[in-house]
Amino acid sequence: MKKLSILILLFISAAIYAQKEQVLEPKLENIAWISGHWKGEAFGGLTEENWSEPSGDSMMATFKLIVNNKVTFYEIEIIREVNNTLILQIKHFNNDLKGWETKDETVDFPLKEITANKVIFEGMVFEKIDANEMNVLVEVV
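Residues numbered from 1 in each chain as written. Predicted model: local features only at pLDDT ≥ 70, side-chain atom pairs only at ≥ 80, totals over all residues. Heavy atoms only, no water.

A. Up close: unusual backbone geometry. Positive phi is not limited to glycine here, since Phe43 has a value of about 55°. Judged by its relative accessible area of 36%, Phe43 is partly exposed. Within the chain, Asp57 stands out as a residue other than glycine whose phi angle is a positive 60°. Looking at the element boundaries, Asp57 is found in the loop between β3 (45–51) and β4 (58–67). A residue is classified by how much of its surface remains accessible, and Asp57, at 51% relative accessible area, is exposed. (Buried < 20%, exposed > 50% of the residue type's maximum accessible area, 1.4 Å probe, protein only. Helix = DSSP H or I, 4+ residues; strand = E, 2+ residues; numbered from the N terminus.)

B. Quick look at the pairing of strand β6 (residues 85–94). Most of β6 is tucked away: seven of the 10 residues are buried. Counted along the chain from strand β5 (residues 70–82) to the antiparallel partner β6, the turn is two residues long, and its residue Asn83 has a positive phi close to 50°. Bridge count for β6 against strand β7 (residues 107–115) is four bridges, and the pairing is antiparallel. Directly across from Ile87, in β7, lies its bridge partner Pro110. (Pairing = 2+ DSSP bridges.)

C. Highlighting the side chain of Glu101. Of note, Glu101 is situated in the loop between β6 and β7. Buried and unpaired, Glu101 has no salt bridge, with Lys91 as the nearest side chain of opposite charge at 5.0 Å. A polar atom in the side chain of Glu101 sits 2.7 Å from the side chain of His92. If near-sequence neighbours (up to four positions away) are discounted, Glu101 is found in contact with Ile90, Lys91, His92 and Val107. (Lys, Arg positive; Asp, Glu negative; His and termini not counted. Salt bridge = Lys/Arg side-chain N within 4 Å of Asp/Glu carboxyl O. Polar contact = N/O pair within 3.5 Å; in protein donor to acceptor, adjacent residues only side chain to side chain. Contact = heavy atoms within 4.5 Å.)

D. Fine view of the packing of aromatic side chains. Using the criterion set out here, one finds five aromatic pairs in the structure. Between Phe43 and Phe73 the ring centres are 6.3 Å apart and the planes differ by 65°, which places this aromatic pair in the edge-to-face class. Note that Phe43 is positioned in the loop between β2 (36–42) and β3 and Phe73 in strand β5, a separation of 30 residues in sequence. (Phe/Tyr/Trp six-rings, centres within 6.5 Å; stacked < 30°, edge-to-face > 60°.)

E. Main features of the pattern of salt bridges. Counted under the stated rule, the structure contains one salt bridge. A salt bridge links Lys98 to Asp96, with the nearest nitrogen and oxygen atoms 3.7 Å apart. On the basis of relative accessibility, which here comes to 43%, the residue Asp96 falls in the partly exposed class.

F. Examining the nonpolar core more closely. Formed by 22 residues in total, the largest nonpolar core has its most connected members in Ile34 and Phe126. For this core, the secondary structure elements donating two or more residues are β4, β6, β7, β8 (118–121), β9 (124–130) and β10 (133–139). Ignoring anything within four residues of it in the chain, the contact list for Ile34 reads Trp51, Met59, Ile79, Val119, Phe126 and Met134. (Core = buried A, V, L, I, M, F, W, Y, C linked by side-chain atoms within 4.5 Å.)

Shape is all these values report; function is a separate question.
Right, dumping it as structure tokens:
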């Protein structure tokens, strides 16, 4: 079982960017380490996130949050290669699969930077701790 830690931030600290590593090309193969079945704690409950391997110019994931043994919400997430960069897009759903966003709307996180152990999107960061642990930092405005 892989461990997922989600950290909620009111802002992303400059400390995240303090240690400059070699910047990698915006290619899915450089973030393939995100793939897998991850579990963790966040938002006052238990989280579960399943990321696919890169294929078809994308990666996809499902996410759910369980609080007091009840699903609070779900997400469908994709990371796509578009115009020589990557974009993370999310759609949220209540526990009855009624969507939060309108039919054609997604919550988009443009790519800022990729290093060997970090994928930095505007508003969300995936950080590889080791093969079995990843932190996800989410900016909440």
